Amino acid sequence: MAKVVKIDIMTREIIKPSSPTPQHLRYIKLSLLDQLNFAMSTPILLFYPAKSDKNSNIIHAIKEKSQNLKSSLSKTLTLFYPLAGKIKDYSFIDCNDYGVEFVEAQVNCPMSNIFQHPDSSLLEKLIPVDLNSKETFTGAVIQANFFACGGLAIGVSLSHKIADAASLGAFLMAWTASSLSMETPTTVLPHFVSDTIIPSPVDSLALPPPPPPPSTLEMTTRRYVFDASKVSMLKAQAASASLQQPTRVEALTAFLWKCLMTVSRSKSPGFVKKSVLVQAVNMRKRLLPPLPENYIGNLSGKFLVESKDTNIELQDLVVHLRKGLEQVGKGIEAMDIEAILEFAKRFRELHNRDDIDMYCFTSLCGFPLYEVDFGWGKPTWAIVTNLVLKNYVVLIDTRDRKGIEVWMSLSKDDAPLFERNNQELLAFASINPSIRIADKNFPALNSSL
């Protein structure tokens with residue numbers, strides 16, 4: 001039976017920086033990578049169950065949390081002032097202190113209802129951006145969802161034209177420091193310098209056309225959880241003489257890619273499509289010299305690997321991924337603008353070809369999402385959801401930081417084939433398990449998380 005959950009938007013307001021942005025910081029030029037990126041968002045959802053205090057007043061607690069979030073956000077925007085501005089001509093940010101939209105919503109059920117085999121279409125309503133909208137998203141929006149039990153889910157969406165995942169992580173950690181009335185750690189004090197590191201061409205005509213829009217095909221979002229023991233097994237299977245210590249992300253990425261190629265082969269037995277995997281990589285530690293995580297903007301590169309052998313072994317796929325990773329930084333390390341532009345052109349060409357299957361992978365493993373504590377504890381669940389791009393896969397840590405949760409966007413036709421034609425997948429992954437909350441006020445839920 002479908003879950004009957006009502007989510008009502010209660011308020012919408014604009015939160016402005018607590019102090020005006022100085023005039024000399026008014027305009028920030030977008031870097032080359034900013035301009036080449038999709039004008040879209042991958043929203044983050046953070047879930048905070050209510051604490052088990054029978055004497056607490058839920059209405060009072062909601063008001064207190066709401067005020068804390070808004071006041072601390074205002075202070076944080078003074079540091080992250082470009083988020084409160086507007087993108088102009090897709091070339092610079094006017095840091096005009098317009099502000100960030102802050103939405104408050106009321107959910108008519110306890111959080112435990114959401115956690116029982118989570119419904120991605122329901123989770124979509126907890127985020128503040130219409131991911132299927134044809135309008136270009138270029139800003140920042142936040143939605144605070146208050147549950148009937150007193151729990152809270154915070155949805156945060158930042159445009160990829162402004163920030164990458166590391167930038168989002170720095171923003172969240174600075175926001176929590178402000179919420180706890182702590183001095184913002186120097187490790188998350190933002191530096192908006194991406195254009196000085198990877199500048200855009202002087203000649204705007206040198207830029208390729210904007211990336212292709214999201215596919216108009218009807219998509220479905222799938223969730224798979226690989227616990228720590230299964231991830232360790234995959235790492236052992238992926239190891240070889242050529243690569244003795246693959247990372248857990250490399251092993252799982254290669255495994256999922258192999259499963260996706262199996263789907264492609266099952267649909268066209270007489271014709272083998274070339275399979276292309278595009279992997280996003282945080283470049284901060286790979287630049288020379290390395291950069292700290294608080295350098296804000298798009299400082300993530302991509303590498304591309306190909307295979308036409310649908311029967312390729314897992315070990316060989318992992319080796320392909322490692323070689324791609326080793327090559328990714330060369331163009332950026334040398335500040336080779338032509339190489340970056342050539343990659344963007346090739347990506348667009350491959351994306352539009354019908355004889356190629358392209359899969360885009362992003363890993364958020366290692367980012368401090370489970371450390372985001374506003375004063376009422378760390379999140380029980382941190383996720384991304386409702387991915388709008390076809391064949392888009394996001395890897396994110398489970399709560400113990402050892403397992404990996406996978407969110408995958410596939411066409412309506414491919415999604416059932418992915419599970420039906422990959423028996424090995426079922427041996428390693430739990431398909432959309434429930435979330436367990438370690439609190440006596442919630443019913444016991446079976447979960448691998």
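Remember, it's a predicted structure, so these values are computed and weren't measured experimentally. (Residues numbered from 1 in each chain as written. Predicted model: local features only at pLDDT ≥ 70, side-chain atom pairs only at ≥ 80, totals over all residues. Heavy atoms only, no water.)

With that out of the way, let us pick up the overall build of the protein chain. A count of helices and strands for the protein chain gives twelve helices and 16 strands. Burial analysis of the protein chain (449 residues in total) assigns 55% to the buried set. Accessible area for the protein chain stands at about 20,100 Å²; split by element, carbon and sulfur atoms hold 52% of it. (Helix = DSSP H or I, 4+ residues; strand = E, 2+ residues; numbered from the N terminus. Buried < 20%, exposed > 50% of the residue type's maximum accessible area, 1.4 Å probe, protein only. Areas by Shrake-Rupley, 256 points an atom, 1.4 Å probe, with all protein chains shown as cover.)

By the secondary structure assignment, Asn-391 is in the loop between strand S13 (381-384) and strand S14 (392-397). For Asn-391, a relative accessible area of 6% translates into the label buried. In this view, Asn-391 contacts Met-358, Tyr-359, Cys-360, Ser-409 and Leu-410; residues no more than four positions away in its chain are not counted. (Contact = heavy atoms within 4.5 Å.)

This part takes up the sheet that holds strand S4 (residues 86-88). Taken in spatial order, the three strands line up as S2-S5-S4 in an open sheet, and their pairing is antiparallel. Because the sheet does not close on itself, it has two edges, and the strands there are strand S2 (27-29) and S4. Here the average twist between neighbouring strands, direction ignored, is 30°. Sheet topology places S2 next to strand S5 (residues 92-94); three bridges connect them, and they run antiparallel. The residue of S5 that forms the bridge with Lys-29 is Phe-92. (Pairing = 2+ DSSP bridges. Axes fitted to C-alpha atoms, helices over the stretch in contact; angles between N-to-C directions.)

This next bit is on the packing of aromatic side chains. According to the stated counting rule, one finds 16 aromatic pairs in the structure shown. Ring geometry for Phe-47 versus Phe-115: centroids 5.4 Å apart, planes at 70°, classification edge-to-face. Of this pair, Phe-47 sits in strand S3 (residues 44-48) while Phe-115 sits in helix H3 (residues 111-115), and the two are 68 residues apart along the sequence. You'll find Phe-47 and Phe-115 in the same group, each marked buried. In textbook terms, an aromatic cluster arises when at least three aromatic residues are bridged by ring pairs, as seen for Tyr-48, Phe-80, Tyr-81, Phe-171, Trp-175, Phe-192, Phe-374 and Trp-376. In this structure, Lys-86 is placed above the aromatic ring of Tyr-98, and the distance from its NZ or CZ to the ring centre is 4.2 Å. (Phe/Tyr/Trp six-rings, centres within 6.5 Å; stacked < 30°, edge-to-face > 60°. Lys NZ or Arg CZ within 6 Å of the ring centre and 35° of its normal.)

We now examine the packing of helix H7 (residues 228-238) against helix H8 (residues 248-267). Helix packing for two helices is described by the angle between their axes and how far apart those axes are. At a closest axis distance of 9 Å, the pairing of H7 and H8 adopts a crossing angle of 80°. Classified by the angle their axes make, H7 and H8 are roughly perpendicular. Here Val-231, Leu-234, Lys-235 and Ala-238 of H7 come into contact with H8, specifically with Arg-248, Ala-251, Leu-252 and Phe-255. Split by residue class, the contact of H7 with H8 holds six nonpolar, no polar and two charged. (Parallel < 35°, antiparallel > 145°, perpendicular 65-115°, else oblique. Nonpolar A, V, L, I, M, F, W, Y, C, P; charged D, E, K, R; others polar.)

With their axes 8 Å apart at the nearest point, helix H2 (residues 58-79) and helix H5 (residues 165-179) run at an angle of 120° to one another. When the interaxial angle is binned, H2 and H5 end up oblique. Pair H2 / H5 crosses with right-handed handedness. Packed against H2, whose contacting residues are Asn-68, Leu-69, Ser-72, Leu-73, Lys-75, Thr-76 and Leu-77, the element H5 presents Phe-171, Ala-174, Trp-175, Ser-178 and Ser-179 at the interface. (Left-handed = near helix turned anticlockwise from the far one by under 90°.)

Turning our attention to the nonpolar core. Membership of the largest hydrophobic core comes to 84 residues, with the highest contact counts inside it found for Phe-47, Phe-171 and Trp-175. In terms of residue count, the dominant contributor to this core is H5 (seven residues). Other than its neighbours up to four places away in sequence, Phe-171 contacts Leu-73, Thr-76, Leu-77, Phe-80, Leu-83, Ile-142, Val-156 and Leu-158. If you look at the next biggest cluster of nonpolar residues, it comprises 45 residues, including Val-263, Leu-277, Leu-314 and Ile-404. (Core = buried A, V, L, I, M, F, W, Y, C linked by side-chain atoms within 4.5 Å.)

Pairing is mixed across the open sheet formed by seven strands, whose spatial order is S11-S10-S12-S14-S15-S9-S16. For this open sheet the edge positions go to strand S11 (300-307) and strand S16 (430-431), each flanked by a neighbour on one side alone. Helix-sheet contacts for helix H10 (residues 337-351) involve strand S10 (274-282), S11 and strand S12 (356-363), and the interaxial angle to S11 is about 50°.

With a phi angle near 60°, Asn-391 is a residue other than glycine that sits in the positive phi range. Phi at Arg-401 is positive, roughly 65°, even though this residue is not glycine.

Side chains bearing opposite charge may pair, as long as their charged atoms lie close to each other. Tallying each qualifying case throughout the model produces 17 salt bridges. Note that Arg-248 and Asp-397 form a salt bridge whose closest N and O atoms lie 2.5 Å from each other. Taken as a pair, Arg-248 in helix H8 and Asp-397 in strand S14 lie far apart in primary sequence, 149 residues in all. For the salt bridge of Asp-357 with Lys-273, the shortest nitrogen-to-oxygen distance reads 3.7 Å. Residue Asp-357 is located in strand S12, and its partner Lys-273 is located in the loop between H8 and S10; the two are separated by 84 residues in the primary sequence. (Salt bridge = Lys/Arg side-chain N within 4 Å of Asp/Glu carboxyl O.)

This brings us to the pairing of strand S9 (residues 219-226). Working note: regular strand, side chains alternate between the two faces of the sheet. Counting buried positions over the eight residues of S9 gives seven, a clear majority of the element. Pairing of S9 with strand S15 (residues 404-411) involves eight bridges; the strand directions are antiparallel. Across the sheet, the residue bridging to Arg-223 is Trp-407, located in S15. Across two bridges, the pairing between S9 and S16 is antiparallel. What sits directly across from Val-225, in S16, is Ser-430.

This part is about H2. Every α-helix winds through 3.6 residues per turn, so residues three or four apart in the chain are directed the same way. Counted at 1.5 Å a residue, the expected span for H2 with its 22 residues is 32 Å, and the 32 Å between its end C-alpha atoms agrees. Next to the buried residues of H2 lie strand S1 (7-15), strand S6 (100-107), strand S7 (140-147), strand S8 (152-158) and H5. (Expected span 1.5 Å × (residues − 1).)

Now for H7. All of the buried residues in H7 are Val-231, Leu-234 and Ala-238. Buried residues along H7 cover an arc of 60° about the axis, so they all sit on one side. (Arc of directions from axis to C-beta.)

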